[in-house]
Amino acid sequence: MTFEGTRGSFVRGSLYPPLEGVTINGTWQDGNETVWGVASSAADGTYAVGPVSDDKRVTIHASKPGFVFTSTEAVPRNFNVTRLGCAAVTVLNERQTPFPDVVVIATKDSFVSRSTTNTTGQALLDNLLPGLYQVQAAAVDYAIAGTALQVAAAAQCAAHVLHATRTGYACTGHVVSLNGKAESGLLVVADVADTTPALDGTPAAATNPAAATTEDGSALRRTVLTRPDGTFTLRGLRAGVLYTLSVKEQKSSRLSHCVPSSRTLQIEGSDVSAQDFVVFRRVDKVDVTGLVVLNESLVPFIKVCLAWESQPSFTIQSAPLAAHRFFEFRNLLWKSEDRYVVRLEHTLPPDLYTVTVPAAAVIPANVSRTHVRMEMHIQTRAAPTLEERQSWQALVVPICATLCCLLLLRRKVGLVRLPMESRLSLSLS
């Protein structure tokens, strides 16, 4: 086995000021393969990466936590070392206790560093270039004044304390259906309560300071959607303001109503909880059954018709009355702006029966099933009396005489044309 060796060289460089323990990475191409060479700087800041062939172009990178390395223009293998600084920002709440989960941001020119306070209220912003930073903090329902912070190139972090002032309060609650199922995605609204002056003449602003702040309270209005578990948290409620809390209907929610319909909420400088609601939804379909009270022998002449209340004469569905006088309409779809009505029709001859048709029954909205009872009064007309028959017979002779005269005139003169009904009557006679 034969080996061939090629003399290699080391790439040497320095760090200014000297810094020990800096990781030096050198990369170069060997055909299609990228080769890595790793070294560490000595106490005097020097390093050597290799060996590498003289015909290879080597790229050098220097890294160490807490430092920035910039290659010099004269000798790219040499690096200027800049120590990074850090800032330790502590946030205290209105009780002067540590405030966790506060977002702290430090900015300098276009550079932004972000951190969040821990359980001790402290946020560590590291890897900051020396200079003057603007430090700001943000938390819901709190106002925190920003500050300018000078960060130096030192191992010890610059420390500063920020104080948070409470500006808003939270209201929590739970929205469920009647069976206890969580209702998610519903809109919960906190509106400024009615500011109508009291009966004793007390101005509205005296009972609700929001009346003196805005004309309609829209700037103080707060909204939130319920979570998948039905809970909600309204934030930004102002102390001393009287709110009306309610659940609002949305296009896809099909809410009928909720219990209670609303809650009056007075913010007294602390969060409010247990503001719960039970909601009822509109049903999509309804089953209608009913009974018609009448003589069973007349059932074949009765028909039950279904219509909308806005168009009661237009029949949507109809059904003959069953022998047991019951009827039903199944799986009727509701329209949000209308209601169903049920009316009765009949085919009884008016010369034989006197019929009193009941008023149409209106089906209540937002029910899944309902039953109606309708009573139809039908009376048989009495047979003609002797006097009525005699009065009818007295009219027969004049009518027949008139028809005979007309027939004679038609035959002699030809100017009179009898109606079709009269000709048929004469021919039959």
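Structure: above.
What this report covers is the structure whose coordinates are included nearby. (Residues numbered from 1 in each chain as written. Predicted model: local features only at pLDDT ≥ 70, side-chain atom pairs only at ≥ 80, totals over all residues. Heavy atoms only, no water.)

1. Focus on the overall build of the protein
The condition that has to hold: Secondary structure is summarised from DSSP: a helix means a run of H or I of at least four residues, a strand means a run of E of at least two, and numbering begins at the N terminus for each. Only protein chains enter the accessibility calculation, which uses a 1.4 Å probe. A residue is then buried if its area is under 20% of the maximum for its type, exposed if over 50%, and partly exposed in between. Two residues form a contact once any of their heavy atoms are found within 4.5 Å. The Shrake-Rupley method, run with a 1.4 Å probe sphere, supplies the accessible areas, and residue values consider only the shown protein chains as cover.
The secondary structure content of the protein amounts to 5 helices and 32 strands. Every one of the 429 residues in the protein was classed for burial, and the buried ones make up 33%. In the protein, once contacts between residues fewer than 6 apart in sequence are set aside, the share between residues at least 24 apart is 63%. Here the protein displays about 26,300 Å² of accessible surface, and carbon together with sulfur accounts for 53% of that area.

2. Some points on the state of the cysteines
Heads up, the rule is: Two cysteine sulfur atoms form a disulfide, by the criterion used here, when they sit within 2.5 Å.
Enumeration over the complete set of coordinates arrives at 1 disulfide. In this structure C400 is not part of a disulfide, and its nearest cysteine sulfur, from C404, lies 6.7 Å away. The partly exposed category is assigned to C400, whose relative accessible area is 39%. Unpaired in this structure, C405 has its nearest cysteine sulfur neighbour in C404, at a distance of 6.9 Å.

3. Overview of the packing of aromatic side chains
Worth spelling out the cut-off: Pairing of aromatic rings covers Phe, Tyr and the six-membered ring of Trp, with a centre-to-centre limit of 6.5 Å; geometry is then stacked below 30 degrees between planes, edge-to-face above 60, and tilted otherwise.
Taken as a whole and judged by the stated rule, the model has 5 aromatic pairs. For the pair F111 and Y133, a centre-to-centre distance of 6.4 Å together with 75° between the ring planes defines the contact as edge-to-face. One end of the pair, F111, is in strand 10 (residues 111–116); the other, Y133, is in strand 12 (residues 131–138), and 22 residues separate them in sequence. Since its relative accessible area comes to 1%, Y133 is described here as buried. Centre to centre, the rings of W308 and Y340 are 4.0 Å apart; their planes meet at 20°, and the pair counts as stacked.

4. Quick notes on the nonpolar core
Quick reminder of the rule: Among buried residues, the Ala, Val, Leu, Ile, Met, Phe, Trp, Tyr and Cys ones that are joined through side-chain atoms within 4.5 Å form a nonpolar core.
Formed by 26 residues in total, the largest nonpolar core has its most connected members in L294, L321, F327, F329, Y340 and V342. Secondary-structure elements contributing two or more residues to this core are strand 24 (285–293), strand 25 (302–308), strand 27 (326–333), strand 28 (340–346) and strand 31 (369–375). Here this core gets 4 residues from one element, more than from any other, and that element is strand 25. In this view, V342 contacts V288, V304, C305, L306, F327, A360, A361, I363 and M374; residues no more than four positions away in its chain are not counted. Formed by 22 residues, the second largest nonpolar core is a distinct cluster that contains V175, V188, F232 and I267.

5. Quick word on the pairing of strand 12
The line we're drawing: Whether two strands pair depends on DSSP finding at least two bridges between them.
Judged from the 5 bridges that link them, strand 9 (residues 103–108) and strand 12 form a sheet pairing that is antiparallel. Residue pairing across strands places I105 opposite Q136, the latter belonging to strand 12.

6. Some details on the layout of surface pockets
Just so we agree on the cut-off: A pocket here means an open set of points on a 1 Å grid, computed over the protein atoms alone, that has protein on both sides within 12 Å along at least five of seven lines. A cavity is instead a set of points where a 1.4 Å probe fits but cannot get out; residues with an atom within 4 Å of a point line either one. Grid points are joined across faces, edges and corners, and a volume is the space filled by probe spheres set on the points. Under the scheme applied here, ten amino acids are nonpolar (Ala, Val, Leu, Ile, Met, Phe, Trp, Tyr, Cys and Pro), four are charged (Asp, Glu, Lys and Arg), and all others, including Gly, are polar.
Empty space within the largest pocket amounts to approximately 200 Å³. Around the largest pocket, the lining residues are V11, R57, V58, I60, S71, P76, R77 and F79. When grouped by side-chain class, the residues that make up the lining of the largest pocket number 5 nonpolar, 1 polar and 2 charged.

7. Brief notes about the sheet that holds strand 5 (residues 59–63)
Where strands meet in a sheet, backbone hydrogen bonds hold them as pairs that are either parallel or antiparallel. Convention followed: Axis angles are defined between N-to-C directions and span 0 to 180 degrees, where every axis is a line fitted to C-alpha atoms and, for a helix, only to the segment in contact.
Spatially, 3 strands are ordered 3-2-5 in an open sheet, and the strand pairing comes out antiparallel. The open sheet has two free edges, formed respectively by strand 3 (33–40) and strand 5, since each of these has just one partner strand. Across the sheet, the mean angle separating the axes of adjacent strands is 20° when strand polarity is ignored. Inspection of the sheet shows strand 2 (residues 23–30) paired to strand 3 by 8 bridges, in the antiparallel sense. Within strand 3, the position partnered with T27 by the bridge is W36.

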